[in-house]
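Here is how the chains run, residue by residue.
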Amino acid sequence: MRFDGFVGVLSFVELIIMYSLQFVEIGSSSFSLLRSLRLFRIFKMAKRWKSLQLLIRTIVSSVAEIGNFAALLFLFMMIYSLIGMQLLANRLHFSKESSTVLGIADREIWETAIVPRSNFDNFYSSMVTVFQILSGENWNVVLYDCWRARGWTSVVFIISLIVVGVFIVMNLFLAILLKNFEENGTFVDQEKIENVLESKHVKELNQENKRPSRIQILWAKIGKDHPVRKRCLATVQSSKFDIFITSIIILSIICLAVVNPLSDPETSLAKVLKLCDVAFTSLFFAEMVIKVLAHGLIFETDAYFKDTWNILDFAVLLVSLVNISDVGRGSSLKSLRALRVLRTLRMIKKFPELKVVVDALLLSLPSVADVAVLCALFFLIFASFGVSFLKGTFYHCTGEKFDMLTDDKLKYLVNPFEWSKLTNEQKAWFDTDAPGCSASTWAESTVPKSKDICDCLVPGGWGLVVSQNFDNILNGMALLFEISTTEGWTEVMHAATDQRGIEMQPIENYNPMWALFFIIFLIFGAFFVLELFVGVTIENFKKIREETGRSLMTESQKNWARTQQFVLKVRPMRKIHRPEHILRAKCFDFTNPESNPHFDTFVTACIILSSIVSATYSFGDPEPKLRILSYMNYIFAAIFTVECILKITALSKRYFADSWNVFDFFIVCGANVGLISELFLDNASAVISVIRLARIGRLFRIVKTVKKFRTLFNTLFISLPR
């Protein structure tokens, strides 16, 4: 009620102002903001839309925490903006001729330099640039510009901004939403879930309560004990049959990928593919017939058409039959060929893991649709605001003739004044015969628009600054949808900050505050809504699993995950006894972490140092540097070889019982083969490069040594089935 009253009061105030101030033009932008607020009435539909109401309630309950996040984001951006100003303010000035960095010493050349729109010259520009980097839009261009200007210092600055800002700070959105989802309950309509999951059971009950039809009676006379049906049922349940059909599906998909619609149908390849299509369709038809005979068509409990995946198979089969037949040649029926790609969906049914994920995704679609509706409402509100203030403003005069205009003509086009103040010589600039030029109709007091002047000086030169615009609500929503992907939003923002009104030539950064509109939209329309999709999907999967007992893993995957968790938790290890032989005992004492913990520390340090040495190679290295790096590689190879020999001596056959030891053994052997090949073979550079790359795999041994790394690795390992 309070919300309705708020919108009603605003509409009433708007009407009072409009009828009180008659001199104010009704279509002016003075009331655009008040008119835009009418759109909030759309949210009244949440009264009758239960799931949408729950979603909006959660968003409202998250406002306080999102406000805290916004404050943290602003503080983070401000810190990096100030650091950016200290490092890069007035540094991103490049020569027009050579694109080299210009210093501030030569003031005249420096002021005429090319300055990127994304810069750190002042606090406002710095904040916008930092947000641009956080959104991921052309951040690499900013990085390269800063790199040219300040070197590696700026690279560290930009990389740290991305790592901390994007990977840590921005992900707080998701954490906040998930927390509020858990506190406010589920967004899954439990009745919808039950209806979806039990619809099949209800249909079965209805079928049982119906009086049997004649077809049912005739089919029942055949019975499942009929030899033909028993044989078909055995065939369908055979694993060999399943493997055969899966192979046929894969082969048919390969043939579909090979087909080129532009190729000559008389070629040998086209004829072979046509025959293959006929053969595959025949096999799929035979599969359908066998399954119908085995399970029944419609009326039995496990009938063919009671399975949704079978209905999909049947639809694909019909499309294939139309394709191989001559029915509808040249008509719209042939457009059904494109639907043959649905044959790839049959692979989902053959793999239970994919089927479980798809089923969970389909059950979450209603709640995702609620988020999509809410997202569309956000887009509609922002699009209406953009249309109110930015319609007709994303245009400018451009072209070859525009580039050839004199300074006086350009000044008048950018800043027009009364027609009477022009001299006769200046009025002669205007080609009144040019199409679209209306200079002959201007009165002495007329102040023409930039577009009117452009039509006379540069006929046909008035066009869009960017391909998107806010000229109508559909264009506005399409523009917002495009920039919500964080692609190309900076170009649109620059067009908005440069605009000076309808049919006026833009000037760079004339309205810089319009950048806030796009930043606010991206925070709500891109980051918030995107995280809302992710949060709702995760919450739905969680609730579906609780309500139905389903999960995103099959039973075999669950058992595998439980086994791995148990093994990692218990960590059973066979106790290794100290050898009795003197030499083996000394080797055991030297390499065993319990008796000599410094040995593993030394080996780990050598692994890290060897990786650093491998990372220092670069193209064009001088010969002395290459020689030093080679000697260091020989030293590390010797250390790792000695380590391997000592452990094999100490453990004997038990050395190869540990998978980490086997992994390390192959790395050592590969590295030694590479070094030997490098010494004695002149043309083995490719082989040597591959073997050198294998040395980097030794870094995985750190996972075994460092407990925290091992925990993360084990978590990733257990999550693989999902």
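If you're wondering where the values come from, they're calculated on a predicted model, not measured in any experiment.

### Considering the nonpolar core
1) Next: One finds Phe 120, Phe 394, Phe 470, Leu 480, Ile 483 and Phe 518 to be the most contacted residues of the largest nonpolar core, which totals 61 residues.
2) Next: Within the residue set of this core, elements represented by two or more residues are helix H4 (63-88), helix H6 (123-135), helix H7 (139-150), helix H8 (152-169), helix H18 (365-390), helix H23 (473-483), helix H24 (489-498) and helix H25 (514-548).
3) Next: Not counting chain neighbours up to four residues away, the residues in contact with Phe 394 comprise Gly 463, Leu 464, Val 465, Val 466, Gln 468, Asn 469, Phe 470, Leu 479, Val 492, Ala 495 and Ala 496.
4) Next: Among the nonpolar cores identified, the runner-up in size contains 19 residues, and Leu 413, Cys 437, Trp 442 and Leu 457 belong to it.

### Re H8
1) Next: Helix length check: H8 (18 residues) gives 24 Å between terminal C-alpha atoms against 26 Å at 1.5 Å per residue, within 8%.
2) Next: Restricting attention to buried positions, one finds in H8 the residues Ser 154, Val 155, Phe 157, Ile 158, Leu 161, Ile 162, Gly 165 and Val 169.

### Concerning the packing of aromatic side chains
1) Next: Scanning all chains against the criterion turns up 27 aromatic pairs.
2) Next: Arranged with centres 5.0 Å apart and planes meeting at 85°, the rings of Trp 419 and Trp 442 form a pair that is edge-to-face. Highlighted residues: Trp 419 in the loop between helix H20 (407-414) and helix H21 (424-427) and Trp 442 in the loop between H21 and helix H22 (450-457), separated in sequence by 23 residues.
3) Next: For Trp 419, a relative accessible area of 8% gives the class buried.
4) Next: Accessibility expressed as a relative area gives 12% for Trp 442, which makes it buried.
5) Next: These aromatic residues form a ring-pair network of at least three members: Phe 379, Phe 382, Phe 385, Phe 389, Phe 394, Phe 470, Trp 514, Phe 517, Phe 518 and Phe 521.
6) Next: The residue whose ring lies beneath Arg 148 is Phe 94, and the NZ or CZ to ring-centre distance is 3.9 Å.

### Details of the packing of H6 against H24
1) Next: Close contact between H6 and H24 brings their axes to 11 Å; oriented N to C, the two are set at 155°. Between H6 and H24, the angle is such that the two are roughly antiparallel. The residues of H24 that touch H6, namely those facing Val 128, Phe 131, Gln 132 and Ser 135, are Trp 489, Thr 490 and Met 493.

### Observations concerning the packing of H18 against H23
1) Next: The N-to-C vectors of H18 and H23 enclose an angle of 120°; their axes lie 8 Å apart at closest approach. Taken together, the axes of H18 and H23 lie oblique to each other. You can see that H18 and H23 cross each other, and the crossing is right-handed. Of the residues in H23, those in contact with Ala 376, Phe 379, Leu 380, Phe 382, Ala 383, Ser 384 and Val 387 of H18 are Ile 473, Gly 476, Met 477, Leu 480 and Phe 481.
2) Next: Here the contact of H18 with H23 is composed, by residue class, of 10 nonpolar, two polar and no charged.

Rules used in this analysis
Residues numbered from 1 in each chain as written. Predicted model: local features only at pLDDT ≥ 70, side-chain atom pairs only at ≥ 80, totals over all residues. Heavy atoms only, no water. Core = buried A, V, L, I, M, F, W, Y, C linked by side-chain atoms within 4.5 Å. Buried < 20%, exposed > 50% of the residue type's maximum accessible area, 1.4 Å probe, protein only. Helix = DSSP H or I, 4+ residues; strand = E, 2+ residues; numbered from the N terminus. Contact = heavy atoms within 4.5 Å. Expected span 1.5 Å × (residues − 1). Phe/Tyr/Trp six-rings, centres within 6.5 Å; stacked < 30°, edge-to-face > 60°. Lys NZ or Arg CZ within 6 Å of the ring centre and 35° of its normal. Axes fitted to C-alpha atoms, helices over the stretch in contact; angles between N-to-C directions. Parallel < 35°, antiparallel > 145°, perpendicular 65-115°, else oblique. Left-handed = near helix turned anticlockwise from the far one by under 90°. Nonpolar A, V, L, I, M, F, W, Y, C, P; charged D, E, K, R; others polar.

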